[in-house]
Amino acid sequence: MEPTAGGLVSRAARELGSRADELTSDVQRRLLRELPALWDDPDVARTAGENVAEHISAALFGLEHAIEPRLIELPPADLERTQVLARHGIPLSAMLRAFRLAEEIVLDRLLAELPRLSADAEQVIEAARQLNAMSTMYVDRVSEQGVVAFQEERDRRLRWRSAMVNEAGMSIGTTLDIARTAQELADLATDHFADVVTVDLLDTVLRGEDVVEGPPVLRRMARGPADGPDPQDAIAPQQLHIPADGSPSAQALASGRPSRHQHGRARGVPRAHSTLAVPLRARGTTLGVAEFHRLANPARYDDEDLLLAQEIAARAAVAVDNARRYTHARATAVTLQRSLLPQEVPEQSAVDVAYRYLPAGSGAGVGGDWYDVIPLSGARVALVVGDVVGHGIRAAATMGRLRTAVRTLADIDLPPDELLTHLNDVVVRVATEADPGAEPDADVGGDNGATCLYAVYDPVSRRCTLARAGDVPPAVLVRDGTAELLDPPPGPPLGRGGLPFETVEVDLPEGSLLALYTDGLIGAPGHDADAGLTALRQILARSATSLEAACDTVLEALRPGRGDDDIALLLARTRVLGADRVATWDLEADPAVVAKARSDVSRQLAAWGLENLEFTAELVVSELVTNAIRYGRTPISLRLIHDRTLLCEVSDASSTTPHLRRARVLDEGGRGLLLVAQLAGQWGTRHARRGKTVWAELDDSAEFPALAFG
């Protein structure tokens with residue numbers, strides 16, 4: 001019999017220590033039964049097993065040698081193992097319960113040894129009391145130390161998670177590109193807490209549709225790491241696929257909630273032992289799903305990992321939604337812009353043309369640049385480039401209104417300076433409609449302002465007349481192999497007013513190259529506009545004979561990438577209608593000359609081989625010359641132009657515009673212009689500085705109006 005209770009405790013610990021392996025196995029079996037989470041992960045199971053064995057050995061050693069519990073040397077790796085458990089997401093309550101379960105088993109075995117080693121009941125009772133006190137003190141000490149280590153690890157993980165969320169806010173959504181935003185999410189996750197990441201977006205969402213019918217169709221937008229292993233069944237970038245029923249992605253899309261999957265095998269990621277599936281939701285809409293997989297990393301995802309993935313995915317979803325909305329708005333604006341630009345060049349004989357429109361980069365949005373080619377009377381042509389201030393749908397819509405206004409004003413043959421004056425009034429009205437409180441004569445520049453260069457080329461006189469509003473770059477003229485600037489005096493920007501617009505006239509040899517463009521071509525930020533203009537002149541001076549090739553060369557040299565401003569470029573090579581295609585007669589203000597005019601027209605049409613138009617042309621010329629003699633003023637002239645159609649023009653010094661009217665039954669006159677309108681494909685009046693010209697366009701489709709005199 002032991003002389004003291006302490007000796008009895010020491011002997012019991014020594015006896016039980018000889019069977020420590022058996023005791024450790026019993027403890028592990030109990031923990032496996034009551035705390036199975038400790039054994040799901042091999043790494044956690046190994047850590048827990050080692051911790052149990054070493055703590056049992058340390059406790060029995062301390063009891064055997066009568067060491068106070070606070071002085072017993074704990075296992076050296078105890079704190080590290082506690083941190084491992086914390087990193088693997090083992091709850092603190094599970095760890096503390098494991099300590100108590102182990103204490104219960106070891107204490108029961110020690111208490112069972114005492115009666116066998118001593119017959120003194122009082123000694124056994126005292127030894128049992130000491131064992132209870134010492135085991136409680138030891139477990140409390142281990143638990144307190146474990147709680148501190150566990151909390152330190154938790155705090156470290158919280159700080160890391162906060163840093164990750166902050167990094168996500170800075171590194172995800174740096175652009176308004178959907179694919180790049182998705183790749184930024186994948187890159188961030190693979191850099192920090194995942195081995196493989198996939199980001200899939202609903203194809204209906206990418207197409208701008210909010211309603212999903214049938215099984216969800218996903219498009220693979222990103223995969224990380226991009227240069228990582230590529231399993232045979234991997235889904236290629238931009239490939240459409242349907243998630244399998246019951247797969248992590250399908251569950252996340254159906255429920256709208258994130259989930260963890262252990263021992264999973266995700267499609268495209270073989271051997272993944274832990275997977276997080278997180279739906280990408282923003283503004284109440286499910287955009288897609290992101291999956292985070294662990295292959296090489298043995299640690300399984302825990303609830304904190306899932307929370308981190310949710311926070312990062314939420315930020316990424318907002319960025320993706322912003323990019324999606326911007327992409328759709330930009331696509332709408334670009335579609336509107338392109339639909340408002342000329343779809344094809346109208347047929348005309350004055351110039352050969354080539355043109356390009358280049359939208360701004362994705363960061364700036366579509367702008368309000370435009371170009372146009374407008375056939376005018378007298379075989380002339382109007383060339384236009386313009387730029388509405390600002391970007392977006394509003395700028396594109398304003399551009400469409402101004403282009404329509406220019407074509408309408410050009411149709412009534414206004415000179416360039418007068419046309420810009422009327423166009424300025426249009427811009428003012430547009431601005432007033434956008435801001436009803438603005439004064440009618442207020443400066444409405446800013447977001448409503450615009451610039452425009454308007455040129456009219458006459459292939460008969462070989463003269464080009466230009467006027468510009470605002471800071472439009474000067475036109476570049478290449479003639480005889482030399483590039484020079486056509487720089488008309490700049491008028492105020494459209495919408496500003498205050499000063500008149502001025503014109504400049506220049507005679508152009510046949511084959512001259514005229515370049516009109518907006519400032520985005522030479523005035524990109526960070527580039528010297530003068531240097532760009534010099535480079536443009538050099539390129540055009542040595543350009544190939546093809547205008548299309550010249551356009552491509554200019555854009556490749558001056559704007560190889562997308563800039564912050566859109567570009568409109570219009571190249572025109574002049575043609576000439578020679579003397580053999582034009583006939584002119586000066587007429588006296590005498591009704592007798594009408595018959596001679598008909599005779600002259602008949603001979604000229606015969607010389608041109610247009611006998612089929614002789615009767616129609618004689619009638620039209622007779623009516624126009626008669627009106628000029630009766631209502632106009634001298635000098636009077638008649639001109640025929642043999643172009644794609646036959647153009648008949650009668651000019652006089654009067655500015656009075658003839659008007660079409662319907663004559664009553666008993667009226668002796670009033671049917672002349674009605675006859676002209678019926679016979680001509682088109683007809684109209686254009687005014688010059690002095691006088692006017694009434695013109696009519698005739699072709700084979702003209703038919704004699706049976707009811708003209710009815």
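Everything here concerns the structure above.
Values in this document were obtained by computation on a predicted structure and should not be read as measured data. (Residues numbered from 1 in each chain as written. Predicted model: local features only at pLDDT ≥ 70, side-chain atom pairs only at ≥ 80, totals over all residues. Heavy atoms only, no water.)

Caption draft 1: Local environment of the sheet that holds strand E2 (residues 218-224). In space, the six strands of this open sheet follow the order E3-E2-E1-E6-E5-E4, with antiparallel pairing throughout. Of all the strands in the sheet, the pair left with one neighbour each is strand E3 (240-241) and strand E4 (259-262). Note: strand E1 (residues 196-202) against E2, six bridges, orientation antiparallel. The residue bridging Val 197 from the neighbouring strand is Gly 224, located in E2. Against the sheet, helix H8 (residues 178-192) touches E1, E2, strand E5 (274-282) and strand E6 (285-294), its axis set at about 45 degrees to E2. Lying on the sheet, helix H10 (residues 248-255) is in contact with E2, E4, E5 and E6; it crosses E6 at an angle near 150 degrees. (Pairing = 2+ DSSP bridges. Helix = DSSP H or I, 4+ residues; strand = E, 2+ residues; numbered from the N terminus. Contact = heavy atoms within 4.5 Å. Axes fitted to C-alpha atoms, helices over the stretch in contact; angles between N-to-C directions.)

Caption draft 2: Spotlight on H8. For H8, with 15 residues, the first-to-last C-alpha span of 22 Å sits near the 21 Å given by 1.5 Å per residue. Within H8 the residues assigned to the buried category are Ile 178, Thr 181, Ala 182, Glu 184, Leu 185, Ala 186, Leu 188, Ala 189 and Thr 190. For H8, the N-terminal cap is Asp 177; the gap from its side-chain oxygen to the backbone nitrogen of Ala 179 is 3.3 Å. (Expected span 1.5 Å × (residues − 1). Buried < 20%, exposed > 50% of the residue type's maximum accessible area, 1.4 Å probe, protein only. Polar contact = N/O pair within 3.5 Å; in protein donor to acceptor, adjacent residues only side chain to side chain.)

Caption draft 3: Region of interest: the pairing of strand E16 (residues 513-517). Counting buried positions along E16 gives five out of five residues, so the element sits mostly inside the fold. The two faces of E16 match: Leu 513, Ala 515 and Tyr 517 on one face and Leu 514 and Leu 516 on the other face are all buried. Note that strand E12 (residues 475-479) and E16 share three bridges and pair antiparallel. When the sheet's bridge partners are listed, Leu 477 is paired in E16 with Leu 514. Bridge analysis of E16 against strand E17 (residues 567-574) gives five bridges, and the strand direction is antiparallel. Looking at E17, one finds that Ala 515 is bridged to Leu 571.

Caption draft 4: Fine view of unusual backbone geometry. The amide bond that connects Gly 224 to the next residue, Pro 225, takes the cis arrangement and shows omega of -5 degrees. Along the chain, the position of Pro 225 falls in the loop between E2 and E3. With an omega of 0 degrees, the peptide bond between Thr 634 and Pro 635 qualifies as cis. You can see Pro 635 is positioned in the loop between helix H17 (614-631) and strand E19 (636-642). A positive phi angle, near 65 degrees, is found at Ala 379, a position not held by glycine. Structurally, Ala 379 can be placed in the loop between strand E8 (367-375) and strand E9 (381-391). For Ala 379, a relative accessible area of 7% translates into the label buried. Even without being glycine, Arg 462 reaches a positive phi, approximately 60 degrees. Among the secondary structure elements, Arg 462 is positioned in the loop between strand E10 (450-458) and strand E11 (463-469).

Caption draft 5: Broad picture of the packing of helix H1 (residues 5-17) against helix H6 (residues 92-117). For the pair H1 and H6, the least separation of the axes is 9 Å and the interaxial angle reads 115 degrees. Every pair of crossing elements has a handedness; the one defined by H1 and H6 is right-handed. Judged by residue contacts, Leu 8, Arg 11, Ala 12, Ala 13, Glu 15 and Leu 16 of H1 engage Val 106, Arg 109, Leu 110, Glu 113, Leu 114, Arg 116 and Leu 117 from H6. Residue composition of the contact of H1 with H6, grouped by class: eight nonpolar, no polar and five charged. (Left-handed = near helix turned anticlockwise from the far one by under 90°. Nonpolar A, V, L, I, M, F, W, Y, C, P; charged D, E, K, R; others polar.)

Caption draft 6: Quick look at the pattern of salt bridges. Throughout the structure, instances matching the rule amount to 36 salt bridges. Note that Glu 347 and Arg 644 form a salt bridge whose closest N and O atoms lie 3.9 Å from each other. Taken together, the residues Glu 347 in the loop between helix H11 (303-340) and strand E7 (351-358) and Arg 644 in the loop between E19 and strand E20 (646-652) connect sequence positions 297 residues apart. Exposure remark for Glu 347: the relative accessible area of 66% places this residue in the exposed category. Under the relative-accessibility criterion, Arg 644 is labelled partly exposed at 49%. With a shortest N-O distance of 2.3 Å, Asp 600 and Arg 603 are connected by a salt bridge. Residue Asp 600 and its partner Arg 603 are located together in helix H16 (residues 593-608), separated by three residues, close to a single helical turn. Judged by its relative accessible area of 7%, Asp 600 falls in the buried class. Take Arg 603: its relative accessible area is 52%, and that puts it in the exposed class. (Salt bridge = Lys/Arg side-chain N within 4 Å of Asp/Glu carboxyl O.)

Caption draft 7: Region of the structure containing a nonpolar patch on the surface. A cluster of nonpolar side chains, namely Val 217, Leu 240 and Ile 242, defines an oily patch on the protein surface of about 220 Å² accessible area. Mapped onto the elements, Val 217 comes out in the loop between helix H9 (203-206) and E2. Judged by relative accessible area, which is 32%, Val 217 ranks as partly exposed. (Patch = residues over 30% accessible without salt bridge, like charges linked within 9 Å, V, L, I, M, F, W, Y side chains within 5 Å. Areas by Shrake-Rupley, 256 points an atom, 1.4 Å probe, with all protein chains shown as cover.)

Caption draft 8: How the structure looks around the environment of Ala 354. Note that Ala 354 resides in strand E7. The spatial distance from the C-alpha of Ala 354 to the C-alpha of Ala 572 is 6.7 Å, given a sequence separation of 218 residues. Ignoring anything within four residues of it in the chain, the contact list for Ala 354 reads Leu 547, Glu 548, Cys 551, Leu 569, Leu 570 and Leu 571.

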